[in-house]
Structure formats: C-alpha cells, structure tokens
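Results of the structural survey
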Amino acid sequence: DGGITQSPKYLFRKEGQNVTLSCEQNLNHDAMYWYRQDPGQGLRLIYYSQIVNDFQKGDIAEGYSVSREKKESFPLTVTSAQKNPTAFYLCASGWGFGGELFFGEGSRLTVL
Amino acid sequence: GQQLNQSPQSMFIQEGEDVSMNCTSSSIFNTWLWYKQEPGEGPVLLIALYKAGELTSNGRLTAQFGITRKDSFLNISASIPSDVGIYFCAGQRGGGSNYKLTFGKGTLLTVNP
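Just so it is clear, the model here is predicted, and its values are computed rather than measured.

1. Points about the state of the cysteines
Going through the model one piece at a time under the given rule, you end up with two disulfides over all chains. Across the disulfide from C23 of chain A sits C91 of chain A; the S-S distance is 1.9 Å. One quick way to see it: the torsion about the S-S bond of C23 of chain A and C91 of chain A is about -75°, and its sign makes the bridge left-handed. Pair noted here: C23 of chain A is in strand β3 (residues 19-25) and C91 of chain A is in strand β9 (residues 87-94), with a separation of 68 residues, a long-range link. Here C23 of chain A matches C91 of chain A in class, with each residue buried. Here C23 of chain B connects covalently by a disulfide to C89 of chain B, the sulfurs 1.6 Å from one another. Its S-S torsion of about -70° marks the bond between C23 of chain B and C89 of chain B as left-handed, since a negative value means left-handed. Note that C23 of chain B is positioned in strand β3 (residues 19-24) and C89 of chain B in strand β9 (residues 85-92), a separation of 66 residues in sequence. Per residue, the accessibility class of C23 of chain B equals that of C89 of chain B, and both read buried.

2. Observations regarding the sheet that holds strand β1 (residues 5-7) of chain B
Residues and elements named next belong to chain B. As summarised here, the arrangement of the five strands in space is β1-β3-β8-β7-β6, forming an open sheet in which the pairing is antiparallel. Looking at strand neighbours, the two that pair on one side only are β1 and β6 (55-58), the edges of this open sheet. Each strand axis lies, on average, 15° off the axis of its neighbour in the sheet, ignoring direction. As paired strands, β3 and strand β8 (residues 71-76) are joined by six bridges and run antiparallel to one another. By the bridge assignment for β8, S20 is matched with N75.

3. Examining the interface of chain B and chain A
At the interface, 20 residues of chain B touch 23 residues of chain A. At the boundary of chain B with chain A, total buried surface from both sides reaches about 1,700 Å², with 55% on carbon and sulfur atoms. Here chain B and chain A share zero salt bridges between them. Here chain B and chain A share four residue pairs in polar contact (both at pLDDT 80 or more) between them. Among the secondary structure elements, those contributing two or more residues to the side of chain B that touches chain A are β4 (31-37), β5 (44-49), β9 and β10 (101-103) of chain B. Residue contributions to the side of chain B that touches chain A peak at three residues, all from β4 of chain B. Of the residues that constitute the side of chain B that touches chain A, the class distribution is 10 nonpolar, seven polar and three charged.

Cut-off values and rules
Residue indices begin from 1 for each chain and proceed along its sequence in written order. Labels are handed out in written order, letters beginning with A for the chains and numbers beginning with 1 for the ligands. Only residues with pLDDT of at least 70 are given local features in this predicted model, and only at 80 or more are side-chain atom pairs given and counted; all residues enter the totals for whole chains, interfaces and linings. Side-chain calculation: all heavy atoms of the structure are included, whereas hydrogens and water are not. Disulfide: a pair of cysteine sulfur atoms within 2.5 Å of each other. In DSSP terms, a helix is any run of H or I states spanning at least four residues, a strand is any run of E spanning at least two, and both are numbered starting from the N terminus. Three exposure classes are used, based on accessible area relative to the maximum for each residue type with a 1.4 Å probe and protein chains only: buried under 20%, partly exposed in between, and exposed over 50%. Should DSSP find at least two bridges between two strands, the strands are regarded as paired. To get an axis, a line is fitted to the C-alpha atoms, and for a helix only the part in contact is used. The angle between two axes follows their N-to-C directions and goes from 0 to 180 degrees. Residues count as neighbours in contact if any of their non-hydrogen atoms are within 4.5 Å of one another. The buried area of a pairing is the accessible area, by a 1.4 Å probe, that goes missing from both parts when the two are put together, added over both. Throughout this description, the term salt bridge denotes a Lys or Arg side-chain nitrogen within 4 Å of a carboxyl oxygen of Asp or Glu. Throughout this description, a polar contact denotes any pair of N or O atoms lying within 3.5 Å of each other; where both atoms belong to protein, one of them has to be capable of donating a hydrogen while the other can accept it, and for residues adjacent in sequence the pair is counted only when both atoms sit in side chains. Basically, the charged four are Asp, Glu, Lys and Arg, the nonpolar ten are Ala, Val, Leu, Ile, Met, Phe, Trp, Tyr, Cys and Pro, and anything else, Gly included, counts as polar.

Any functional reading would require information that these geometric values do not contain.
Here is the structure:
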C-alpha cells in the first residue's frame, strides 16, 4: 500500500543521547517534512526537503539534523543539543509545488 | 514564523449538533487545507481549497476559502461521536520555493452521545 511509514512509534531516550527517527514514503513525492507537535501548540516545522540532497531549516531547527540521500527517505536526528526533545514527531510528504501534505502516524519521543 | 489564529480552541457539543470553526491570518494564503487528527495518529486531510471564494464539501463537512484569502471556515453538520478529534487548518502562500504549510493550533472537538 502507498503511504508514509514512521518508526519507531514510541522511543525512550536518556538525556545526552542522540536518536534518529525514520521516515519512508512510497508515494513518489518530491518533498518531505518534519513537524513537532506539543500539546496546545499545533504543528511546528523542523526541517523540510524539496529535492534529494537538499533540505532547509524550518521554524525550530535548533538541536535537530536531517539528511535526504534518497527520494523515499528523510530521517530526523534529535541531538543532545535539543533542550526539550520530548514531543510527538510527524513526518509528511507532498508534491513540492504546493497543495496537500500527507502525514505518517507519528513517533512519540520521551526523554527520561 | 507566520501565525494562523484558529478558533475556538475547543468545543463540547451534543451528537446531532452542527459545528463551525475558523482560521484567520494577517497574511494572504493561496491554499487552505483542513486536517483531522485522532489521538496518537497523524493528521488526515479532509478538504483542500485552492481558489478564493471556493466552497467545497466532503460528506457532512463543508469548508470555504475566504474571499480576502486571509481566512477559511470549516462546518460539520449533524455531528456524530466519531467526529471527535483535533481539527487543524493550514495555509500555504505558494510561489517560488515558499511551499511550507503554516498550521493553526487546532480545535479540539468533543461530541457527547
């Protein structure tokens, strides 16, 4: 089935550790996005990529890093520099020239 | 970043009632989208609007793209318990490389059977 797959669904991390969240899509979309969701805050853009090997910072990129080596994949690394990493992370993809975004089911990261 | 003002923040209604929510912005958007999110899941697209003044329906849902391009409305008629969730509006300015979506903070809808 076509769609966006995020893994893991739940992740626990100790302070000081980097963690990587996976996002894979088989919709042949050019653009991919990472959002962070906190209660009552809506969705805030972390990074986005409109083509392979290129990505741009969103509104809250500090403490995060991404790569886009393949069209299908856009992993997000939450580094130890991110001071408040506990959140629900959402990956999305789209055609890149406007219009709808399609979301994965999300990954919930908890820092212990 | 840009802000969308979505209201109300939450709604508690009885099954069968109609629901209205809206988003406003100080900036013009060329696309308005409405999403629904259920607990622990990603948002699902409900309706996409691409033209000022456009009125689009999806079953019991109706959304409108405001004529000023600075607002959008979502109505749900005859609500049912499975309508429960968070509804988000999103705007996109478009043009050049500006294809990012800006999201409202959401409207939490609770439907009492």
